[in-house]
Each structure stands twice: as C-alpha cells, then as structure tokens.
Amino acid sequence: MFDFLKKWMGQSRSPGSETLPPLPSSSSDPDATVPLPELGLRASDHDQIWPRPSPTRFTVGLAQHVGQVRTHNEDVLLAFTGELRGLEPMPHIGLFVVADGMGGHLLGERASGIAGRTLARVVLENVLPSLLADPRSDYERPSLTEVMELAIAEANRTVVRLVPEGGTTLTGALIVGDQLILCHVGDTRAYVISNGRMEQLTRDHSLVQRLKEMGQLTDDEAAVHPQRSVLYRAVGQGEGLEADVISRRLSPGSILIICSDGLWSLVPDHIIHQIVRQSPSIQGACESLVRAANEAGGPDNITVVMVQLPG
Amino acid sequence: MFDARKATRSVTHRLQNAGDGSLKPGSILQNRYSIIKVLGVGGMGSVYQARDLRFPNVTKYVAVKEIINIADPSMREMVAKIFEREANTLASLDHPAIPKIYDYFNQSDRSFLVMEFIDGKDLETYLNEFPGLLSEDVVIGWAIELCDVLSYLHNHKDKDGKPDPIIFRDLKPSNIMLDQHGSIRLIDFGIARAYQAGQKGTMIGTEGYSPPEQYRGEASPAGDIYALGATLHHLLTKQDPRIEPPFTFAERPIRKSNPSVSLELESIIMTALNYNPAERFASAEAMKQALKTLRRRISGSLSRPAGTGRIETAATGAASQARPTEGPALVNLSEVTPLWVFRCEDEIRASPVVSGAFVYVGAYDNNLYAVNAADGKLAWKYATDGGLPAPPVIHQDNLYIGSEDHRLHAVSAKSGRLQWTYYADGPIRAAPRFADGHIFFGADDHYLHVVNATTGRKAWRYQASDVIRCRPVVSGDRVYFGCESGEFYAIDLRAERKWMFRAKRGITSSPLLHNGTLYVCSLDGMIYALDASSGWRLWQFRTNKPILSSPTIDGNLLLVGSADNHLYAIDIRNGREAWRFATNGQVNSSPAVIGGTVYVGSVDHSLYAIDVASGRLRWKFTAKGPITSSPAIANNVVYIGSFDHHLYALTA
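Residues numbered from 1 in each chain as written. Chains lettered and ligands numbered in written order. Predicted model: local features only at pLDDT ≥ 70, side-chain atom pairs only at ≥ 80, totals over all residues. Heavy atoms only, no water.

**Looking at the overall build of chain A**
Convention followed: Only runs of H or I of at least four residues qualify as helices and only runs of E of at least two qualify as strands under DSSP, and these elements are numbered from the N terminus. Residue exposure (1.4 Å probe, protein chains only): buried if accessible area is under 20% of the type maximum, exposed if over 50%, otherwise partly exposed. Residue contacts follow a heavy-atom distance rule, with two residues in contact if any of their heavy atoms lie within 4.5 Å. The accessible surface values rely on the Shrake-Rupley method and a 1.4 Å probe; as for residues, cover is taken only from the protein chains in view.
Check the secondary structure of chain A and you find 8 helices and 12 strands. By residue count, 59% of the 311 residues in chain A fall in the buried class. Partitioning the contacts of chain A with sequence separation of at least 6, the portion at a separation of at least 24 is 73%. When the accessible surface of chain A is summed, it comes to about 12,700 Å², and 52% of that surface belongs to carbon and sulfur atoms.

**Remarks on the confidence of the model for chain B**
Residues and elements named next belong to chain B. We apply this condition: The predictor's confidence in any single residue is recorded as pLDDT, a number from 0 to 100.
Across chain B, pLDDT averages 85, with 88% of residues at or above 70. Of all the helices and strands in chain B, helix H9 (residues 309-322) carries the lowest mean pLDDT, 32, while strand E35 (residues 557-561) carries the highest, 97. The low-confidence segment residues 302-334 (pLDDT under 50) makes 39 contacts with residues lying over four places distant or belonging to another chain.

**A word on helix H2 (residues 107-131) of chain A**
Here is the rule we go by: To estimate the expected span of a helix, count its residues, drop one, and scale the result by 1.5 Å. Bend at a given residue is defined as the angle between two axes, one fitted to the seven residues that end at that position and one fitted to the seven that begin there.
The first and last C-alpha atoms of H2 of chain A sit 35 Å apart over 25 residues, in line with the 36 Å expected at 1.5 Å per residue. Taking the largest bend as the criterion, H2 of chain A deviates by roughly 30 degrees, centred on Leu124 of chain A.

**So, the interface of chain B and chain A**
Applicable threshold: The buried area of a pairing is the accessible area, by a 1.4 Å probe, that goes missing from both parts when the two are put together, added over both. Salt bridges are defined by distance alone: a side-chain nitrogen of Lys or Arg within 4 Å of a carboxyl oxygen of Asp or Glu. Following the grouping adopted for this structure description, the nonpolar residues are Ala, Val, Leu, Ile, Met, Phe, Trp, Tyr, Cys and Pro, the charged ones are Asp, Glu, Lys and Arg, and the polar ones are all others, Gly among them.
Contacts between the two partners involve 43 residues from chain B and, on the opposite side, 56 residues from chain A. Interface of chain B and chain A: buried area, both sides summed, is about 4,300 Å²; carbon and sulfur atoms make up 53% of it. At the junction of chain B with chain A, the criterion picks out 2 salt bridges. Ionic pairing is found between Glu251 of chain B and Arg210 of chain A, a salt bridge with its closest N-O pair at 3.4 Å. Of all the secondary-structure elements, those providing two or more residues to the side of chain B that touches chain A are strand E1 (2-3), helix H1 (6-20), strand E29 (497-502) and strand E33 (537-542) of chain B. Classifying every residue of the side of chain B that touches chain A gives 17 nonpolar, 10 polar and 16 charged.

**Overview of the pairing of strand E11 (residues 255-259) of chain A**
Residues and elements named next belong to chain A. The test is simple: DSSP-based pairing: two strands are paired if at least 2 bridges between them are found.
Burial analysis of E11 places 5 of its 5 residues in the buried class, the great majority of the element. Of the two faces of E11, both are covered, the one formed by Ile255, Ile257 and Cys259 as well as the one formed by Leu256 and Ile258. Where E11 meets strand E12 (residues 302-308), 5 bridges bridge the pair, whose relative direction is antiparallel. Paired with Ile258 across the strands is Val305, a residue of E12.

**Here's the deal with the nonpolar core**
Spelled out, the test is: Among buried residues, the Ala, Val, Leu, Ile, Met, Phe, Trp, Tyr and Cys ones that are joined through side-chain atoms within 4.5 Å form a nonpolar core. Domain delimitation in this document rests on an assignment produced automatically or drawn from a domain database.
Ranked by size, the top nonpolar core spans 64 residues in total, and within it Leu153, Leu171, Leu186, Met287 and Leu291 of chain B carry the most contacts. Split by domain, this core shows at least three residues from each of two domains, domain 1 (6-116) and domain 2 (120-322) of chain B. Discounting chain neighbours no more than four positions away, the residues touching Met287 of chain B are Cys147, Ile225, Leu228, Leu232, Ile268, Ala272 and Phe281 of chain B. Membership of the second largest hydrophobic core comes to 54 residues, among which are Ala111, Ala120 and Val159 of chain A together with Ala529 of chain B.

**Remarks on the packing of aromatic side chains**
Aromatic ring pairs: the centre-centre distance and the angle between the two ring planes describe each pair. Residue and element names in this part refer to chain B. Quick note on the threshold: Two rings from Phe, Tyr or Trp (for Trp, the six-membered ring) form a pair when their centres sit within 6.5 Å of each other. Planes less than 30 degrees apart are called stacked, planes more than 60 degrees apart edge-to-face, and all others tilted. Placement of a positive charge over a ring is assigned whenever Lys NZ or Arg CZ falls within 6 Å of the ring centre and within 35 degrees of the normal to the ring plane.
Within this structure, the stated rule accounts for 26 aromatic pairs over all chains. On the numbers, 5.3 Å between centres and 25 degrees between planes, the contact of Phe105 with Phe112 is stacked. Here the two residues Phe105 and Phe112 agree in accessibility, since each one is buried. Ring plane angle 65 degrees and centroid distance 5.5 Å describe the contact between Phe541 and Tyr568, whose orientation is recorded as edge-to-face. In this pair, Phe541 sits in strand E33 while Tyr568 sits in strand E36 (residues 566-571), placing the two residues 27 residues apart along the sequence. Comparing Phe541 with Tyr568, the two get one shared label, buried. Linked through ring pairs, Tyr33, Phe105 and Phe112 together constitute an aromatic cluster. If you follow Lys60 out to its NZ or CZ, it ends over the ring of Phe55, 5.6 Å from the centre. Taking NZ or CZ as reference, Arg461 lies 3.6 Å from the ring centre of Tyr447, over its face.

**Thoughts on the pattern of salt bridges**
Per the counting criterion, the structure on display carries 39 salt bridges over all chains. In this structure, the salt-bridge partner of Glu264 of chain B is Arg297 of chain B, at a minimum N-O distance of 2.6 Å. Of this pair, Glu264 of chain B sits in helix H7 (residues 263-272) while Arg297 of chain B sits in helix H8 (residues 284-302), placing them 33 residues apart in sequence. A residue is classified by how much of its surface remains accessible, and Glu264 of chain B, at 33% relative accessible area, is partly exposed. In this structure, Asp571 of chain B and Arg573 of chain B form a salt bridge, with 2.9 Å as the shortest nitrogen-oxygen distance. Through salt bridges with shared partners, one network takes in Arg203, Arg210 and Glu213 of chain A together with Glu251 of chain B.

**A look at the packing of H2 of chain A against helix H3 (residues 144-162) of chain A**
Relative orientation and spacing of two packed helices are given, respectively, by the angle between their axes and the distance between those axes. Residues and elements named next belong to chain A. Cut-off, in case you're wondering: To obtain each axis, a line is fitted to C-alpha atoms, and for helices this fit is confined to the stretch in contact; angles are then taken between N-to-C directions over 0 to 180 degrees. Crossings are sorted by hand: turned counterclockwise from the far helix by less than a right angle, the near helix makes the crossing left-handed, and turned clockwise it makes it right-handed.
At a closest axis distance of 8 Å, the pairing of H2 and H3 adopts a crossing angle of 145 degrees. Here H2 and H3 pass one another in a crossing that is right-handed. Residue-level inspection shows Arg110, Ala111, Ile114, Ala115, Thr118, Leu119, Arg121, Val122, Val123, Asn126 and Val127 of H2 in contact with H3, the latter providing Leu144, Val147, Met148, Leu150, Ala151, Ile152, Glu154, Ala155, Thr158, Val159 and Leu162. For the contact of H2 with H3, a count of residues per class yields 16 nonpolar, 3 polar and 3 charged.

**Some points on the environment of Leu62 of chain A**
Inspection of the secondary structure assignment puts Leu62 of chain A in strand E1 (residues 59-65). Spatially, the C-alpha atom of Leu62 of chain A lies 9.4 Å from that of Leu78 of chain A, the residues being 16 residues apart in sequence.

**Some points on the sheet that holds strand E22 (residues 433-435) of chain B**
Residue and element names in this part refer to chain B. Within the open sheet, the 4 strands sit side by side as E22-E23-E24-E25. Their pairing is antiparallel. Only two strands of the sheet have a single partner each, and these edge strands are E22 and strand E25 (458-463). Going across the sheet, the axis of each strand differs from the next one's by a mean of 20 degrees, ignoring polarity. Two strands pair when backbone bridges link them, and strand E24 (residues 447-452) and E25 are joined in this way by 5 bridges, in the antiparallel orientation. For Val450, the partnering residue across the bridge sits in E25 and is Trp460.

Shown next as structure tokens:
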C-alpha cells in the first residue's frame, strides 16, 4: 500500500503545474523489521529515555510472535506511513492497526485479517485524495472521526458477512500531523508515552474491566479472573456495534503503542514503560516487549506496533 | 459475548459434537424410557423427551437429562458432581414451579436424570416469538411466581430442620418454562447450590444476568434477586443483556423502550438490580410483596373508565426523572438579586469586559461605558458615532473597540481619552484581538485588518470573500478567522494563506483554539473541530439551528449555545454530546465558565448558571429583555448586559 502511495504521488506530479505537490523527499518504511541503527546512546543515558529520532520523521517499530502455546497466529498488524515535503508540505500521515481475532478454527485469523484490511481500505480511500490536494483550496476534506467511525462500521459489516462465527478486536490509529484519531473495539490497547509518563488511551471492552470500574474487582483479582478475556464488544458482533473514537493531539516526541492482550496481560504497564525507556530504538523496544511476553509464558499471540512522533 | 479463551470454546465444541451424536429416537434406557426426541443440547449433554414404558396404557412423557462422557478425568469428575448435586437438590424439593424428579441412574458410562416433562416453552423462545412488547401485567404475574419459588429455595431447610438456603444462581429467560397452564416452572438446577454464608464458590452463571458479586465467586439469595431483575428487564425491553455492555441496566431505562410500563414496576426492577446487594430487596418475599401491591393498584386503576390516571402520574414523574437537565420550569429555583444594576440609553448586545477596577461595555447608544466593578457607578463614557455591537479588547493602558461608525477606537482604559482611530471601509461589528503589538480585527468591508497598537497605522490587511464578524485567533505565526459566506482561513503573518475550510453558511461565532485544535461554529448549525496546523476536520457536531454563540472549553467539554434554544456540552475528544440544556429562547450568548459552573444568557431574558459536569441548573436570573451578551466573570461576580438597556452584576 505504501508503494501505491508513492506511485500515486509520482503520477500526480506534472511539470509546470503550480498547484500539485512535489515529490516526497523521503519515505519511511512501514515494513521495517530490521532494527534501526544505533544512535550512539550510551548505556548510562537510559534514563534520558530516547535516542533522538530524526526530527522530522515518524519512527515506526513493530514485532509479532505466535507465542509459546498457540500453533497459529490470530493477530493482525498493519502499518502505513507517508510524508510529502516541499513548499507546501503535507502533514505526516500514519495508519496503524492491530486486530486480535477469536473464534478458533481459523475463524479468528480470518476475522482479524478482514477487519484490519477493511479498516485500512476505508480510511485510506477517504483520506488520501484530500491529503494530496492543495490545502489552500481544498475545503472538502472529510471529518477524520467520521472516517474512522465509517471504517470500523464497514469492518464490522464485512466480518459479519464473511466470518459470521468469528470476531475480533480492532484498534486503529490514524495520525495526521500531530493529531491522533483512535478507533477501538475490544481489548487490544493503545498507550501513549509523553513527557516521561505512560497513559492508556483505550478502555478494554471486557467484562473484568467493567467489574473493575464498578469497584467489584481489584486489579489483582482481574488479572487472574477466569473470565478476563470475555469481551462485551467486538467487531463481528452484528448490529449496533458502538466503537470508541477519540481524537487527541500528540506532543512532539510522543510514542504511541498499540498491542494485543498477548503483551499487556503478561507484561505489566510499568514494565512496558521501562522496556521502552531502556531500549535503544523503537524497533528494539518492540522486540524486547515480545521477548518479555514470551518469557512470561507467551500463552497468546503477541503483537506490538510503536510509532514515535518527530520531536 | 465473545469468549476469547479458545480453550473454553473448544471444550464446548467437543461436548456439542458428542451430544449431537448421542441417543437416537427409539433408543430405550433401562428397559423403561423410550427416547422420542432431543429437547435441547446443553453444555454438558442433551435433554430428551422420552416416553415412560411402565405406563403402557397411557402416554406418559418424561424429560431425560443426560451427561455425556468427557475424556478429561478432572473435568468428568466435576461434571458428574454437578449432576449429582442437581439430582439431590431436586429430590429434596417440593414446589409447584420446580419439576419433580423421578429417577437417577448410570448406564454405559453416562449419567441420566429422569424428570417431569414440562409441555411448554421457555421464556426466551416465548419472548423471541412474541410480536411487539410484553405487557406489564403479564410480566408482573410471572415475577410474582418467580419470587415465590425463589423464596421457597432461599428458605429451604435441611433434613434436621436447619436453614439450608439453595441459590439458583442461573436465573434467566431460557431457564424458565411457561407450561401448558401458563404457569412458571424453573428448569436446569445444574448449578444451584446450597448457600453457606461467606463461603466463596466458583463463578458459574450466565453473563448479562449474573450479579457483579457473583464474579468474585459470591453466591447469595441477593444474587438470585439481581438475576430476576435482569430477567424482567430483558422480558420488558426485549434487550438481551448478554449482548449489551455488562451492568448497563440503569443506562437503558425500561420505560424508554417500553413506555407502557409503570414507573413503579421500573423502580421495583431497578431496586432488584442495585450493584450493592444490601440495596436490593431484603428477600424474594419482600420483592413479591412489592409486586403484589403494585398489581393490586394497577388492577384497581384499570377498572376505572379509560384508566388514564396512572399514566398521567407516571408521565409527569418520568419527565422530571428522565430529563433532569431539560426545562428550567421543572426545577425549584430561588431567583437571584443583582449586586447592582447600571442603566445605558439603549440595548446592550455586546459582552462586557472586566479589567482592573472597571467593567467596560459598549451599547447601541453609541457609548462605551466604564463602570466601577465594585458599585456599578459610572467612571467615564466615550461616545462613538455608531453602535457598539462587539466587546473591546484591553491591553495595558489602552482599550480598543470597533464601532459601526467604521472606526476602530483606541482610548485610555483609565480615563476614556482618545488615543487614535483607524478607519475601515465599512462598519466594524467584530471584536478585536491583541497580539504581538498589533490589533487584529475583521470588518464589514471584507478585510481582516492588522493595525499597530501604538500608532494606529495599518500593518497589513487580508481580503476575505465576505463580511467578517468573528474575532480572529492569533497563535504563533498563524491567524485564523471566518467570514459570513462560510470560508474559514488560516493565514500566516505575511498574509499568505496556509489552508482553508468552508462551512455551509457563515461563520459569525468566534473560533476557539485549544491544544492544537480549532473549534469553529457556523450559521449552518455545525460545530467543527479542525486541526490547526493542517485544517483537517477531526469531527463535527450538528445542532438544529444557526450558532452565533462563541464556544468555550472546560476540561474535555466544549460549551456553546445554539439558536435551537439549547446550550450544548460536547466531548472535545470525539464530538459526542455530553448533555444539552434547554432554555426557552435562542442561546446566542457565549458561555463563560468558572469553578465548575457555566453561565450563559438566552433570548428568553434569563441568565442561567449550570453545573458543567451534570448539565443541571444551579440558578437563573431573569432580566427584562433578551440576553445575547456574554457574561464576564471576575472576583466571583458575573457581569451581564441585556436588551433591556441594563448591565447587571450578580454573585457567581
């Protein structure tokens, strides 16, 4: 899809046209599975948190593992980024999706795959044309929250139609410039780390979370509760799916993390935060987190995607 | 609900497969029970309808419940125990709503329970097949019977006569049968257990109907009362709690989906559904008595001609309970007395501004007044040659105000002495903004003017496509403003356009910049949230009439009035409505917030003080004319002007 984006930009450019945007000067690689180069950070600097990313780019890391128990992977991960520079720069754009399927018998992975792809397709179809239009005269740009709502509704319809017995969590993050628009159903989580603090952005749509909010369970009880993975909201559940959608501005240098419960139910939040702080790179952090979940038993598929804003 | 634990899923799957292939019709058990058909497949095996062959001359049906083999020995043992417990429980019970047990045996590694065959339908099936909504009196009848059997179980005594309460633990429509006589019968005692106070058990039950404490392993009579409440809620609303977010009965009022239900029944069911077991009915018997009292009253009122008395009472009650934020008439208010009142010679449409010891306000009598904030005495007034529809801006010692006389006036804030004036090519009806030593303001000549605050000389101007009536936002090197044809501009300080947005109608309301997002309201009735750096729309929210009011933000709530008579509170994270407050006139005044209270005027002559968190009215003050002016607040005093020519000072 990113190639598609690059190709499109190239075709849009015609000599002599003043209104069309110039070619991007660089592109980030969403499929980066190679660790990023070390940035000369000394080990003793780890409390200074971050290797400085290049100041004008997203830095993306991602990792996925089937875990120690399961034989197949029901998690899906998508990451797209795009940028355009020149006289009228386009805002950086990133779309990151994690879906964790359920239903067994291949239904889970089909559900998560269809949901992730549908969400990405609807978002990109609605956002890309305006992204590449001249911001000085384009005032027909869609509402990003509505696009996300539309996309998650379409993902739900498609899963209901094609995998009626399956279901999936679905968490999508669209970043345009420094604005984050997050849509969310299920218990995949999104966190943001900024100014040294880690904050959970999503609310689990799970029975135990609801019981915790009602004061009926403590965190410790919830962590071992036999029904801790029972969801009351999931893509594929049929009519009336209500997704959480929030928009929020990310401060420069913030890190967005999206991960499946294969990570967060095994590795406590403060350890996630610590691993991220002590990792030499975003990609390294993703790999360390997956390793930590596997070392804790890895009973489920583990997926994590991380993006750091320029800052 | 989805169960993400594949282990559970696969176990269920295996059981079902085994159950499917279990006993064929015609199979005979113990030379006595001839299988006729499968009645249902459960988690642990099947239930069959069978004929008892010991009665050759009559057709006597029985229900045969089977437990199939499970490979896992520990699981098998657990299931066998549950089954045996069910048999023992049933054998010790005698109540018309509880099926009788006839026999219990093992055969070829399976266990069987032979019970009374109930010829009827379970309530879940009944509900699904019933067109429309069930009526209240039918459901009350069932509820009374259910309370009766629960009461019997909860007051069960062991063979020595000691209390030995039995908790049903899984009350839900599919475990309740309606027999051929229309009576209620409880089925599936598989998980019913004797209750020992304080002892924790395993969580078994059905999500959606089970009480919160059951998830901690606590089963008590109060849990059955909760499940009964959940069942009744489901029956009356047709909303299946298994597919709704858990524990949201209170958020889904029964009468909202089934308005024929009385307030009393709703209240009885909600009492049963209290999160806190101690706040539910003390016993099933107590709930039964409440239901019986209600039934007597309803049958009494129904016998009256038309029987409308009850509905009227209920309707009134609902209005005050369900919509507490709407309609000031419903709230008992003490009117507020102003600290002082200052009279101008014409209407005050603009908002006052407080600075230092003075309140400044422009009026349609062409005067700008400086009034002593403490006592409302006139300090000075400054006359222009036109009406003053917009508030001034004050920077250091100077005050800047636009007039319909085409001029921006700079006067001394202390004395009202003229410093300079600047001429636009049309009336100025927009409020100015001070930034970087300059005054930014729009005018009816279509220009955004940028004027040096010290000298009054033009720095630059930018032509919009129509009249500008809103106050611009200046931040960093960007200037944001809208015009009356709906265009909204983001330009830089060199007057170059960075991006543009277009609403469907004019933008009179002043935009608000908050944490990188611009909130722009339009005469098209919409609130738009735009990313300030790119102009991308983050969300939009529709009110029903034009918005002239300018928004303000408190916490995560954006507050703005609309000509549809409401003040809205919108969650700025997603554009969803938190609450709305109804007045009796257009809300064109801009709200102001202090200390958790939002103050806003309405064309209905009132100034409202509303709790920001809940949207509930705290107090109101009624002037003698419409209020379009926005309140100014300082030192716990609210200053507000009205079309009745007065400026009022009120204690916040």
